[in-house]
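Tertiary structure, described
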Amino acid sequence: MLEDWLQQIEEASSLEALEAARVRLLGKKGELTQKLKQLGKLPPEARREEGRRLNEAKRALEAAILTRREALKREALGARLAQEALDVTLPGLAFPPGNTHVLTQVLAELVGIFQRMGYQAVLGPEAEEAFYNFDALNIPEHHPARDMHDTFWLTTTPKTSQIEGAKLLRTHTSPIQVRYMSQHTPPFKIVAPGKVFRHEATDATHEAMFHQLEGLVVGDNITMADLKGALLAMARALYGPEAKVNFRPSYFPFVEPGVEFEVWWTNPKTGKGTWLELGGAGMVHPEVFRAVDELRRAKGLAPIYTGKTGFAFGLGVERIAMLRYPIPDIRAFFQNRIPFLTQFRGGA
Ligand code: FA5
């Protein structure tokens, strides 16, 4: 009888089967338990003998179950280890390379074009003082651009830049002109890339946040011809040696004369050409030089800009990228959709 029971335990091929055998033999209604319960029905002599036998059998079974359980656990662990073994010769998981944002690529290309012409790249703050963004650029107090509807103000006292420290998110990169001139001596050539912010409704060609590249050249006898030469060189670098530039009279308070400049762009798909407006430009307004000298005086620096000449330009970077690829909707730049972003892997 015991032999048979021990065999059942030996033959249990899994932890579940072993548990089933334990219940079958030692559980509440198990075979051995039943026999123990029936001891009372035996005559006293036989009861003692049978009781001893059954208790020994019980201990033997319990020991056998414990041993078998350990063996089964070891087996299970061995099987799992074998299954999970690390094959170091398997090929690794593909890790797709990242890439810089298409606008970062275009900005780097633009800055590179001007650096090769001897320009230095500089940066200015995105949270700007109203004085630099407007007043020093000859944009007067009542100008509509200063309205709450057009500008993200960071202080509760908009428009009145007389109030010390009135701040806003810069609406263009032009304040860098004033910041740079107030600390540096001409002649110099600089470009300044960066984000700008306008409180306006967005559509396929307008965003509330976009990028500009500002340019400023100041020296003796700088003329409109120098401005035109610089922008033509940029257009050729961007669109090839056949590129053409056009200047249309326009108005910006901080330049005189002021222009909007366009490049002749041939759509690679249709082969058709059109004039495309890229940005504003012009000769630095004498009022800007005057404001800079006033600022320099206040800082204890020599007022050296009166009588200088210079040109400035500011162009929209999204516009250039949209034409290049082409990208039909400006909002695609900032939606962070992976399929859009990874199209520009070829770049820097
Ligand atoms: C300016 O911001 C002047 N500071 C440019 C300038 C600099 C003129 C130096 C003279 C001298 P404007 O507001 O036109 O100008 O903007 C310049 C370019 O930014 C536009 O030609 C356009 O390409 C781009 N731009 C303007 N508004 C948006 C917008 N909401 N979304 C995307 N691009 C815009």
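Refer to the structure printed above.
Keep in mind it's a predicted model, so treat the numbers as computed, not measured. (Residues numbered from 1 in each chain as written. Predicted model: local features only at pLDDT ≥ 70, side-chain atom pairs only at ≥ 80, totals over all residues. Heavy atoms only, no water.)

1. Focus on the pairing of strand 9 (residues 309–316)
Here is the rule: For every residue, the accessible area (1.4 Å probe, protein chains only) is compared with the maximum for its type, and the residue is labelled buried under 20%, exposed over 50%, or partly exposed between those bounds. Helix numbers and strand numbers start at the N terminus; a helix is a DSSP run of H or I with at least 4 residues, a strand a run of E with at least 2. When DSSP finds at least two bridges between two strands, those strands are taken to pair.
Of all eight residues that make up strand 9, seven are buried, and the element is covered over most of its length. Inspection of the sheet shows strand 5 (residues 209–219) paired to strand 9 by eight bridges, in the antiparallel sense. In the sheet register, Gly219 faces strand 9, and the bridge partner there is Thr309. The pairing of strand 8 (residues 273–284) with strand 9 spans five bridges and is antiparallel. Residue Met283 lies in a different strand from strand 9, and its bridge partner there is Phe311.

2. Focus: the nonpolar core
The nonpolar side chains of a soluble globular protein tend to be buried with one another. Stated formally: The nonpolar core is taken to be a set of buried Ala, Val, Leu, Ile, Met, Phe, Trp, Tyr and Cys residues, with the residues joined through side-chain atoms within 4.5 Å. The contact criterion used throughout is that any non-hydrogen atoms of two residues lie within 4.5 Å.
Counting residues in hydrophobic clusters, the biggest one holds 45 residues, and the most contacted among them are Leu110, Met234, Phe261, Phe311, Phe313 and Phe333. Element by element, the count of residues in this core is highest for helix 5 (residues 102–115), at eight residues. With near-sequence residues (within four places) excluded, Phe313 lies in contact with Phe114, Val191, Leu213, Glu214, Gly215, Leu227, Leu231, Phe261, Gly280 and Ala281. In this structure, Met181, Ala291, Leu295 and Tyr305 belong to the second largest nonpolar core, which totals 29 residues.

3. A look at the packing of helix 1 (residues 2–11) against helix 4 (residues 44–83)
Applied cut-off: Each axis is a line fitted through C-alpha atoms, taken for helices only over the stretch in contact, and angles between the N-to-C directions span 0 to 180 degrees. In what follows, roughly perpendicular refers to angles from 65 to 115 degrees, roughly parallel to angles under 35, roughly antiparallel to angles over 145, and oblique to any angle outside these ranges. The hand of a helix crossing depends on one turn: near helix anticlockwise from the far one by less than a right angle means left-handed, and clockwise means right-handed.
One way to put it is that helix 1 packs onto helix 4 with a least axis distance of 9 Å and a crossing angle of 15 degrees. Taken together, helix 1 and helix 4 sit at an angle that is classed as roughly parallel. Relative to helix 4, helix 1 is oriented so that their crossing is right-handed. Here helix 1 contributes Leu2, Trp5, Leu6, Ile9 and Glu10 to the contact with helix 4, which in turn contributes Ala57, Ala60, Leu61, Ala64, Ile65 and Arg68.

4. What about a negative patch on the surface?
Cut-off, in case you're wondering: Patch definition: residues with relative accessible area over 30% and no salt bridge; like charges joined within 9 Å; nonpolar side chains (Val, Leu, Ile, Met, Phe, Trp, Tyr) joined within 5 Å. All accessible-area figures derive from a Shrake-Rupley calculation using a 1.4 Å probe, and residue coverage is judged against the displayed protein chains alone. The term salt bridge refers to a side-chain nitrogen of Lys or Arg lying within 4 Å of a carboxyl oxygen of Asp or Glu. Counting rule for charge: Lys and Arg are taken as positive, Asp and Glu as negative, and neither His nor the chain ends is counted. Here the site of a charge means NZ on Lys, CZ on Arg, CG on Asp, or CD on Glu.
Together, Glu3, Asp4, Glu10, Glu11 and Glu31 make up a negatively charged patch on the protein surface. With four residues, helix 1 is the largest single contributor of residues to the negative patch. If you trace the backbone, Glu10 turns up in helix 1.

5. Quick look at helix 10 (residues 317–324)
When you tally the buried positions in helix 10, you get six out of eight residues, the bulk of the element. Considered for burial, the residues of helix 10 that qualify are Val317, Glu318, Ile320, Ala321, Met322 and Leu323. Those residues of helix 10 that are buried lie in contact with helix 5, strand 5, helix 8 (224–239), strand 7 (255–266), strand 8 and strand 9.

6. So, the site of the ligand
Our working definition: Summary of the distance rule: residues count as near a molecule or strand when at least one heavy atom falls within 4 Å of that molecule or strand. Polar contacts here mean pairs of N or O atoms no more than 3.5 Å apart (in protein, one a potential hydrogen donor and the other a potential acceptor; neighbouring residues in sequence count only if both atoms are side-chain atoms).
His172, Ser174, Arg198, Glu200 and Glu207 are the nearest of the 24 residues found near the ligand. At 3.0 Å from an oxygen atom of the ligand is found a side-chain nitrogen or oxygen belonging to Glu277. Compared with its free state, where it exposes 680 Å², the ligand has 89% of that area covered by protein. For the shell around the ligand, the secondary-structure elements that each account for two or more residues are strand 5, strand 8 and strand 9.

7. A short note on the pattern of salt bridges
Counted under the stated rule, the structure contains 15 salt bridges. Between Arg248 and Glu260 there is a salt bridge whose closest N-O contact spans 3.9 Å. Here Arg248, found in strand 6 (residues 245–250), pairs with Glu260, found in strand 7; they are 12 residues apart in sequence, far enough to count as distant. With a shortest N-O distance of 2.7 Å, Glu294 and Arg290 are connected by a salt bridge. One end of the pair, Glu294, and the other, Arg290, are both in helix 9 (residues 286–299), four residues apart, so they sit about a helical turn from each other. Several salt bridges converge on common partners, so that one network encompasses Arg248, Glu260, Glu262 and Glu277.

8. Some details on the sheet that holds strand 5
The seven strands are arranged 1-4-5-9-8-7-6 in an open sheet whose pairing can be described as mixed. For this open sheet the edge positions go to strand 1 (120–121) and strand 6, each flanked by a neighbour on one side alone. Its contacts with the sheet place helix 9 against strand 5, strand 8 and strand 9, and it is angled at close to 45 degrees to strand 8.

9. Details of the side chain of Arg170
In this structure, Arg170 sits in the loop between strand 3 (167–169) and helix 7 (175–181). One buried charged side chain, Arg170, makes no salt bridge at all; its nearest oppositely charged neighbour is Glu126, positioned 4.6 Å away. Looking at Arg170, its side chain comes within polar contact range of the main-chain oxygen of Pro125, at 3.4 Å. From its side chain, Arg170 meets the backbone oxygen of Lys195 in a polar contact 2.7 Å long. Setting aside residues up to four positions removed in sequence, Arg170 forms contacts with Gly124, Pro125, Glu126, Glu128, Asn133, Pro175, Ile176, Pro193, Gly194, Lys195, Val196 and Phe197.

10. Considerations on the pairing of strand 6
Examined bridge by bridge, strand 6 and strand 7 share six bridges and lie antiparallel to one another. Across the sheet, Val245 pairs through a bridge with Val263, a residue of strand 7. Connecting strand 6 to the antiparallel partner strand 7 that follows it, the hairpin turn spans four residues.

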